[in-house]
Amino acid sequence: MPCKSFAFLLFWSLTGVGMNMAEGDTLISVDYEIFGKVQGVFFRKYTQAEGKKLGLVGWVQNTDQGTVQGQLQGPVSKVRLMQEWLETKGSPKSHIDRANFRNEKVILKLDYSDFQIVK
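Source: prediction; values computed, not measured.

## Describing the side chain of threonine 47
Argument step 1. Counting through the fold element by element, threonine 47 comes out in helix α2 (residues 43–53).
Argument step 2. Given the relative accessible area of 0%, threonine 47 is considered buried.
Argument step 3. A polar contact of 2.7 Å, which involves the side chain of threonine 47, links it to the backbone oxygen of phenylalanine 43.
Argument step 4. With residues up to four places along the chain from it excluded, the contact list for threonine 47 reads Tyr32, Val60, Met82, Trp85, Leu86 and Phe115.

Structure (structure tokens):
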């Protein structure tokens, strides 16, 4: 029986069942790609700054296709705020047409120690 109890507790802690925001938040990872006028407008710099402000880790880079892509990791509530920022705000001179998010998954620990701009 201890194994079943442990499995339940692990599921409980990973999914955040029974937890409110004050008690904790599940860690997730999500990949993103942003389309529109997002290169040459300091989008990566603002993305890095917003990610750090929210306490997220990950990376951001320009693509050869004129988009910006990257990965976010952190508590669900903070990642959701960053996703909204990426979809609606961005840098002051950017124009966002759309944001794609994929590969969202629960993680046990962060893969990065900070938020990097990848050249």
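## A few points about helix α3 (residues 76–88)
Argument step 1. The end-to-end C-alpha distance of α3 is 18 Å, a good match for the 18 Å that 13 residues give at a rise of 1.5 Å each.
Argument step 2. Taken residue by residue, α3 has Val79, Met82, Gln83, Trp85 and Leu86 as its buried positions. Seen along its axis, α3 keeps its buried residues to an arc of 160 degrees; they face one direction.
Argument step 3. For α3, the secondary structure elements touched by its buried residues are β1 (27–37), α2, β3 (68–75) and β4 (95–106).

## Things to note about the UniProt feature "active site" (unreviewed entry) in the protein chain
Argument step 1. The sites that UniProt annotates as "active site" (unreviewed entry) are Arg44 and Asn62. Spatially, the listed residues are clustered: although they cover 19 residues, their C-alpha atoms lie within 7.7 Å of one another.
Argument step 2. Relative to the elements of secondary structure, arginine 44 occurs in helix α2.
Argument step 3. Excluding anything up to four places from it in sequence, arginine 44 contacts Val60, Gln61, Asn62, Val68, Ile117, Val118 and Lys119.
Argument step 4. You can see asparagine 62 is positioned in strand β2 (residues 57–62).

## Brief notes about the nonpolar core
Argument step 1. Judged by nonpolar contacts, the single largest core of 19 residues is most densely connected at Tyr32, Ile34, Phe43, Leu72, Met82 and Leu86.
Argument step 2. Broken down by secondary-structure element, the contributors of at least two residues to this core are β1, β3, α3 and β4.
Argument step 3. Once you skip the residues sitting within four places of it in the chain, leucine 72 turns out to touch Ile28, Ser29, Val30, Tyr32, Val57, Val79, Met82, Gln83, Leu86 and Phe115.

## A few points about the packing of aromatic side chains
Each pair of aromatic rings is reported with the distance of its centres and the angle of its planes.
Argument step 1. Evaluation of the coordinates by the stated rule reveals 1 aromatic pair.
Argument step 2. With centroids separated by 6.1 Å and ring planes inclined at 45 degrees, the aromatic side chains of phenylalanine 43 and tryptophan 85 adopt a geometry described as tilted. Within this pair, whereas phenylalanine 43 is found in helix α2, its partner tryptophan 85 is found in helix α3, the two being separated by 42 residues in sequence.
Argument step 3. Assessed through its relative accessible area of 1%, phenylalanine 43 is described here as buried.
Argument step 4. Tryptophan 85 gets classed as buried once you look at its relative accessible area, which sits at 8%.
Argument step 5. A cation sits over an aromatic face here: arginine 98 above phenylalanine 35, 3.8 Å from the ring centre.

Calculation notes
Residues numbered from 1 in each chain as written. Predicted model: local features only at pLDDT ≥ 70, side-chain atom pairs only at ≥ 80, totals over all residues. Heavy atoms only, no water. Helix = DSSP H or I, 4+ residues; strand = E, 2+ residues; numbered from the N terminus. Buried < 20%, exposed > 50% of the residue type's maximum accessible area, 1.4 Å probe, protein only. Polar contact = N/O pair within 3.5 Å; in protein donor to acceptor, adjacent residues only side chain to side chain. Contact = heavy atoms within 4.5 Å. Expected span 1.5 Å × (residues − 1). Arc of directions from axis to C-beta. UniProt positions renumbered as here; feature names shortened; annotations may be inferred. Core = buried A, V, L, I, M, F, W, Y, C linked by side-chain atoms within 4.5 Å. Phe/Tyr/Trp six-rings, centres within 6.5 Å; stacked < 30°, edge-to-face > 60°. Lys NZ or Arg CZ within 6 Å of the ring centre and 35° of its normal.

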